[in-house]
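# Working through the structure, step by step
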Protein chains: 2
Amino acid sequence: MQKIRVLIVGYGNIGRGVRQAIERNPDMELAGIVSRSPDRVAREVAGACPVMPVAPAEAWLQALHPDIAILCGGSKNDLPQQGPELVRVIDTVDSFDNHSRIPEYFAAMNAAATESGHVSIISTGWDPGIFSLERVLANAFLPGSRAYGFYGLTPRGGLSMGHSDALRTIEGVQDARQYTHAVPTAIERIRNGENPDYCAREMHTRECFVVLKPGADPAAVEKTIREMPGYFAPYDTTIHFVSQQELDEKYAGFPHDGCVVASGKTGDAQHAAAIEYRCVWGSNPEATAQVLVAHARAAVRLSREGRKGAFTILDIPPAYLSLHDRDELLKNWM
Amino acid sequence: MQKIRVLIVGYGNIGRGVRQAIERNPDMELAGIVSRSPDRVAREVAGACPVMPVAPAEAWLQALHPDIAILCGGSKNDLPQQGPELVRVIDTVDSFDNHSRIPEYFAAMNAAATESGHVSIISTGWDPGIFSLERVLANAFLPGSRAYGFYGLTPRGGLSMGHSDALRTIEGVQDARQYTHAVPTAIERIRNGENPDYCAREMHTRECFVVLKPGADPAAVEKTIREMPGYFAPYDTTIHFVSQQELDEKYAGFPHDGCVVASGKTGDAQHAAAIEYRCVWGSNPEATAQVLVAHARAAVRLSREGRKGAFTILDIPPAYLSLHDRDELLKNWM
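Reading the values: rules and limits
- Residues numbered from 1 in each chain as written.
- Chains lettered and ligands numbered in written order.
- Predicted model: local features only at pLDDT ≥ 70, side-chain atom pairs only at ≥ 80, totals over all residues.
- Heavy atoms only, no water.
- Helix = DSSP H or I, 4+ residues; strand = E, 2+ residues; numbered from the N terminus.
- Rg over C-alpha atoms; globule rule 2.2 N^0.38 Å.
- Buried < 20%, exposed > 50% of the residue type's maximum accessible area, 1.4 Å probe, protein only.
- Contact = heavy atoms within 4.5 Å.
- Areas by Shrake-Rupley, 256 points an atom, 1.4 Å probe, with all protein chains shown as cover.
- Pairing = 2+ DSSP bridges.
- Axes fitted to C-alpha atoms, helices over the stretch in contact; angles between N-to-C directions.
- Parallel < 35°, antiparallel > 145°, perpendicular 65-115°, else oblique.
- Left-handed = near helix turned anticlockwise from the far one by under 90°.
- Nonpolar A, V, L, I, M, F, W, Y, C, P; charged D, E, K, R; others polar.
- Lys, Arg positive; Asp, Glu negative; His and termini not counted.
- Salt bridge = Lys/Arg side-chain N within 4 Å of Asp/Glu carboxyl O.
- Polar contact = N/O pair within 3.5 Å; in protein donor to acceptor, adjacent residues only side chain to side chain.
- Domains from an automatic or database assignment.
- Buried area = accessible area lost by both parts, 1.4 Å probe.
- Phe/Tyr/Trp six-rings, centres within 6.5 Å; stacked < 30°, edge-to-face > 60°.
- Lys NZ or Arg CZ within 6 Å of the ring centre and 35° of its normal.

## Focus on the overall build of chain A
- The helix and strand inventory of chain A stands at 13 helices and 14 strands.
- In terms of overall dimensions, chain A is globule-like: its C-alpha atoms have a radius of gyration of 22 Å, near the 20 Å expected for 334 residues.
- Overall, chain A is about 65 × 55 × 35 Å in size when its C-alpha atoms are taken along their principal axes.
- Looking at the 334 residues of chain A, the share that counts as buried comes to 57%.
- A fraction of 68% describes how many contacts in chain A between residues 6 or more apart in sequence connect residues 24 or more apart.
- Taken as a whole, chain A presents about 13500 Å² of accessible surface, with 49% of it coming from carbon and sulfur.

## Overview of the sheet that holds strand β13 (residues 271-281) of chain B
- Strand order in this open sheet of 6 strands is β7(A)-β12(A)-β13(A)-β13(B)-β12(B)-β7(B), and the pairing throughout is antiparallel. Where the open sheet ends on each side, the last strands, each with one partner, are β7 (147-151) of chain A together with β7 (147-151) of chain B. In this sheet, adjacent strand axes meet at a mean angle of 15° when their direction is disregarded.
- Here strand β12 (residues 256-266) of chain A pairs with strand β13 (residues 271-281) of chain A via 11 bridges, running antiparallel.

## Quick look at the packing of helix α1 (residues 13-22) of chain A against helix α12 (residues 284-304) of chain A
Residues and elements named next belong to chain A.
- Running from N to C, α1 and α12 point in directions that differ by 55°, and their axes come no closer than 8 Å. Relative to α12, the element α1 is oriented oblique. Relative to α12, the crossing made by α1 is right-handed. Facing α1, whose interface residues are Asn13, Ile14, Gly17, Val18, Gln20, Ala21 and Ile22, α12 presents Pro285, Glu286, Thr288, Ala289, Gln290, Leu292 and Val293.
- Among the residues forming the contact of α1 with α12, the class breakdown is 8 nonpolar, 5 polar and 1 charged.

## Some remarks on the side chain of Glu207(A)
Residue and element names in this part refer to chain A.
- On the secondary structure map, glutamate 207 appears in strand β10 (residues 204-212).
- Of the side chains bearing the opposite charge, arginine 156 lies closest to the buried glutamate 207, which forms no salt bridge; the N-O distance is 7.4 Å.
- In this structure the side chain of glutamate 207 is engaged in a polar contact, spanning 2.6 Å, whose partner is the side chain of histidine 181.
- Beyond its immediate stretch of four places on either side in the chain, glutamate 207 contacts Arg177, Gln178, Tyr179, His181, Thr238 and His240.

## Section: the side chain of His295(B)
- Relative to the assigned elements, His295(B) resides in helix α12 (residues 284-304).
- In this structure, His295(B) is in contact with Phe141(A), Val93(B), Ile121(B), Thr124(B), Ile313(B), Ile316(B) and Leu321(B), ignoring residues within four places of it in sequence.

## Points about the domain arrangement of chain A
All names here are of chain A.
- If you check the domain split of chain A, you get domain 1 (4-127 + 285-332) and domain 2 (141-283).
- Computed from C-alpha atoms alone, the centre-to-centre distance between domain 1 and domain 2 is 29 Å.
- Summing both sides of the interface, domain 1 and domain 2 together bury roughly 680 Å²; the carbon and sulfur share of this comes to 66%.
- It is Trp126, Pro285 and Ala287 in domain 1 that bury the most area against domain 2; as a group they hold 70% of the surface buried on that side.
- Scanning the region where domain 1 abuts domain 2 turns up 0 salt bridges.
- Seen at the junction of domain 1 and domain 2, the total is 3 residue pairs in polar contact (both at pLDDT 80 or more).
- Residue assignment for the side of domain 1 that touches domain 2 shows that the elements contributing at least two residues are α6 (126-141) and α12.
- With 3 residues, the single largest contributor to the side of domain 1 that touches domain 2 is α12.

## Things to note about the packing of aromatic side chains
- Applying the stated rule across the entire model yields 21 aromatic pairs over all chains.
- Between Trp126(A) and Tyr151(A), the ring centres sit 6.0 Å apart and the planes meet at 85°, which makes this aromatic pair edge-to-face. One end of the pair, Trp126(A), is in helix α6; the other, Tyr151(A), is in strand β7, with 25 residues separating them in the sequence.
- Its relative accessible area of 7% is what places Trp126(A) among the buried residues.
- Taken together, a centroid distance of 5.9 Å and an interplanar angle of 70° make the contact between Tyr148(A) and Tyr198(A) edge-to-face. Of this pair, Tyr148(A) sits in strand β7 while Tyr198(A) is found in the loop between α8 (184-191) and α9 (200-203), placing the two residues 50 residues apart along the sequence. With respect to burial, Tyr148(A) and Tyr198(A) carry one shared label: buried.
- Ring-pair connections join several aromatic residues into one group, and the members of that group are Trp126(A), Phe131(A), Tyr151(A), Tyr277(A), Trp281(A), Trp126(B), Phe131(B), Tyr151(B), Tyr277(B) and Trp281(B).
- The ring of Phe254(A) has Arg177(A) lying over it, and the distance from NZ or CZ to the ring centre is 5.6 Å.

The following block contains the structure:
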């Protein structure tokens with residue numbers, strides 16, 4: 001069987017994860033990496049695969065013959081511009097994760113993909129992605145129920161890149177990492193059949209590990225953190241000042257975990273019904289990458305059927321994500 | 001919006017659950033019930049909806065105008081015969097749950113549905129159904145991982161209808177109910193990253209509550225239970241002899257629960273990754289019914305697109321199961 005040739009666009013944590021995830025999928029192979037910093041990436045991969053500049057697309061299309069491009073750039077600046085451009089020349093999969101702008105991004109990708117006859121699967125990964133799917137399934141099977149998302153159920157908590165980045169923008173902060181913690185009693189109430197109206201503070205707490213710059217005022221930094229709108233003001237926040245060495249040694253990596261939990265009733269007798277989906281990732285970007293790679297398989301299959309336009313995980317028949325064919329799925333997976 | 005008119009075929013526990021589930025779905029209405037015992041059903045529903053005999057189909061097609069039939073008969077005797085006959089005249093959804101015969105049943109339903117131009121979604125519900133979907137998703141996102149199913153994680157355990165029925169076939173047994181219990185340490189090993197080769201005994205234990213007929217020999221009944229191939233011989237089984245009154249008072253209803261759990265690795269550094277999906281149902285047949293009703297919505301949508309043939313939950317774009325339209329899903333559910 002001819003392998004699916006995957007192009008990685010952008011080589012940060014997610015791109016690195018995709019490169020490693022491809023090796024776990026025997027029907028795929030890495031066609032190459034394109035980047036706006038090809039020299040940096042070429043040094044990092046040290047000849048293991050071709051590395052080319054993002055533009056012009058014609059060059060890598062002709063040299064690398066990719067079947068699908070996995071877009072690993074950021075949702076703020078990279079994807080809104082890069083996505084619609086690239087889907088004009090190749091099928092794409094991405095993890096666009098700015099929830100409030102998904103309708104707008106979907107429209108842009110759908111227009112470009114439909115016009116050029118390509119397939120684009122947007123906003124896949126963990127959340128948005130698997131968790132979106134589980135929210136929709138829970139609501140379909142328990143109509144009227146609400147599906148809640150909680151993050152950081154493990155003792156360590158879940159590392160939030162966005163909140164860590166926000167801390168690093170504060171004057172006097174040299175480095176920082178932020179762990180999100182779920183409030184266990186808030187989850188328990190849903191498991192027990194309630195559908196509460198929670199505010200942010202009731203669902204999660206935030207824990208910051210902050211390295212100060214020499215001479216910085218800890219009280220001023222702490223005040224700035226606690227009052228930061230959106231990121232920390234709506235939460236109960238714990239702040240630890242640590243040395244750079246302690247941060248590097250004790251708080252490395254990208255662990256994350258979370259659950260989707262929903263409860264409802266069945267029947268006239270109002271029997272309790274609860275659904276819970278949980279993921280625990282040692283590496284959040286690597287897990288996101290594995291979900292992206294499964295969707296690359298689905299995108300190629302949709303494309304081979306002549307489909308075009310934008311899709312989300314909600315539009316994909318689950319069998320399209322699987323390595324296994326229909327006979328195997330019917331025999332051993334139902 | 002015109003409501004989807006649902007016909008219930010067969011009125012046992014699942015059929016009753018479907019009738020109640022339809023009321024929770026504002027886009028649906030009950031067209032009627034057809035049964036091989038229409039008099040019994042008519043007495044039970046007391047004029048709340050039309051009740052007609054299963055045959056001839058022309059009669060209920062003309063009188064009730066159903067859009068979709070949910071087949072609520074048994075997998076052993078009803079569905080293999082009834083399914084292919086009914087899908088020749090109407091789109092169908094069923095919960096055929098004899099795992100080893102799913103390929104054969106799929107082939108029969110696919111042939112009949114394709115020939116007649118109808119849609120048939122087979123083998124949906126809890127397991128097969130949601131759990132099949134979660135096994136396939138876990139394996140797609142964690143390639144090479146195994147997805148394990150455990151049942152009865154709650155203290156009460158999960159009521160197994162099949163095993164309860166098996167107990168009732170034993171000479172000297174007047175009534176019985178069987179609860180399945182998961183072995184917690186077996187789940188813990190998977191959560192911790194192992195993919196063990198378990199035999200049946202290592203994953204579940206079985207607990208029987210048995211009412212003896214007057215004069216029956218408890219030792220003989222106990223020996224027959226413990227040695228029953230397939231059902232009890234492969235398990236550690238606890239047997240309690242109880243009175244009919246105790247059985248009726250303490251062990252009524254159809255509670256069940258279970259989880260799909262899978263663990264794997266991500267990246268060259270072999271980061272741990274674990275996925276777990278859990279359902280807790282106060283009423284197993286009512287929960288199955290809610291899943292069937294969501295699939296009735298999907299079947300109608302597939303049919304309106306001109307699709308035909310047999311489908312499983314693995315072939316359905318998840319959005320088709322949802323009450324919500326694409327704009328709402330993109331805006332509030334991704």
